[in-house]
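Structure at a glance
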Amino acid sequence: MDVLERQLQAYANEMESWDKFVLAYEPVWAIGTGVTASPEQAQEVHKNLRDWLTENVSKGVADSLRIIYGGSVSSGNCEELKSMVDIDGFLVGGASLKPEEFEKISTCD
């Protein structure tokens, strides 16, 4: 979380408005691997990010900011990930190149 907090602080120091800002999180170990975090792991990090925003920016920003998950999102795991309270959507990588798979992810409830 230390790395994420430093990255967020760098943005927080420069942001005039958070209105159009979207925060995307992908575990470094998931990049290009086809491995995804468990829904619980992803939720824990997203909650920590939202808590950091509450403490260091404002509760309003923390509540309204979209925090999306990237990291091998697929039609097979999107429903479980989407059910997590602090995951507001997805940053879809390789699956976006497969139209049928992307459509399933984009309509995931």
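Residues numbered from 1 in each chain as written. Predicted model: local features only at pLDDT ≥ 70, side-chain atom pairs only at ≥ 80, totals over all residues. Heavy atoms only, no water.

1. Topic: the sheet that holds strand E1 (residues 22–25)
For clarity, the threshold we go by: Two strands pair if DSSP finds at least two bridges between them. Note on conventions: DSSP H or I runs of at least 4 residues are helices, E runs of at least 2 residues are strands, and numbering of each starts at the N terminus. Contacts between residues were defined by any pair of non-hydrogen atoms, one from each residue, lying within 4.5 Å. Comment: axis = line fitted to C-alpha atoms, over the contacting stretch for helices; angle = value between 0 and 180 degrees taken between N-to-C directions.
Strand order in this open sheet of three strands is E1-E2-E3, and the pairing throughout is parallel. The open sheet has two edge strands with one neighbour each: E1 and strand E3 (90–91). Where strand E2 (residues 66–70) meets E3, two bridges bridge the pair, whose relative direction is parallel. Pairing of glycine 70 across the sheet is with leucine 91, part of E3. Relative to the sheet, helix H2 (residues 39–56) contacts E1 and E2, its axis offset from that of E2 by approximately 150°.

2. Digging into the nonpolar core
Stated precisely, the cut-off is as follows: By nonpolar core is meant a set of buried Ala, Val, Leu, Ile, Met, Phe, Trp, Tyr and Cys residues that side-chain atoms within 4.5 Å join together. Burial classes: relative accessible area under 20% of the type maximum marks a residue as buried, over 50% as exposed, and values in between as partly exposed (1.4 Å probe, protein chains only).
In this structure, Leu53, Tyr69 and Phe90 are the most contacted members of the largest nonpolar core, which totals 26 residues. Of all the secondary structure elements, the ones that give two or more residues to this core are helix H1 (2–14), E1, H2, helix H3 (59–64), E2 and helix H4 (78–82). No other element matches H2, which puts five residues into this core. Other than its neighbours up to four places away in sequence, phenylalanine 90 contacts Ile68, Tyr69, Val73, Cys78, Leu81, Lys82 and Ile105.

3. Here's the deal with the layout of surface pockets
For clarity, the cut-off: Cavities and pockets are defined on a 1 Å grid built over the protein atoms alone: a cavity is a set of grid points where a 1.4 Å probe fits but cannot escape, while a pocket is an open set with protein on both sides within 12 Å along at least five of seven lines, and lining residues are those with an atom within 4 Å of any such point. Grid points are joined across faces, edges and corners, and a volume is the space filled by probe spheres set on the points. For this classification, Asp, Glu, Lys and Arg are treated as charged, while Ala, Val, Leu, Ile, Met, Phe, Trp, Tyr, Cys and Pro are nonpolar and the rest, including Gly, are polar.
Of the pockets and cavities examined, the largest pocket occupies roughly 390 Å³. Surrounding the largest pocket, 20 residues form its lining, Val3, Leu4, Gln7, Tyr25 and Glu26 being those nearest its centre. Take the lining of the largest pocket: its biggest share by element is five residues, from H1. Here the residues of the lining of the largest pocket sort into 16 nonpolar, two polar and two charged. Within this model, the second largest pocket holds a volume of roughly 240 Å³. If you go around the second largest pocket, you meet 17 residues; those closest to its centre are Ser72, Val73, Gly93, Gly94 and Ala95. Considering only residue class, the lining of the second largest pocket consists of five nonpolar, nine polar and three charged.

4. Side note on a nonpolar patch on the surface
Just so we agree on the cut-off: Note that patches include only residues with greater than 30% relative accessible area and no salt bridge, and the join distances are 9 Å for like charges and 5 Å for nonpolar side chains (Val, Leu, Ile, Met, Phe, Trp, Tyr). The Shrake-Rupley method, run with a 1.4 Å probe sphere, supplies the accessible areas, and residue values consider only the shown protein chains as cover. Salt bridges are defined as contacts in which a side-chain nitrogen from Lys or Arg sits within 4 Å of a carboxyl oxygen from Asp or Glu.
Together, Val28, Trp29, Ile31 and Val35 line one region of the surface with nonpolar side chains, adding up to about 420 Å² of accessible area. Considering the arrangement of structural elements, one finds valine 35 in the loop between E1 and H2.

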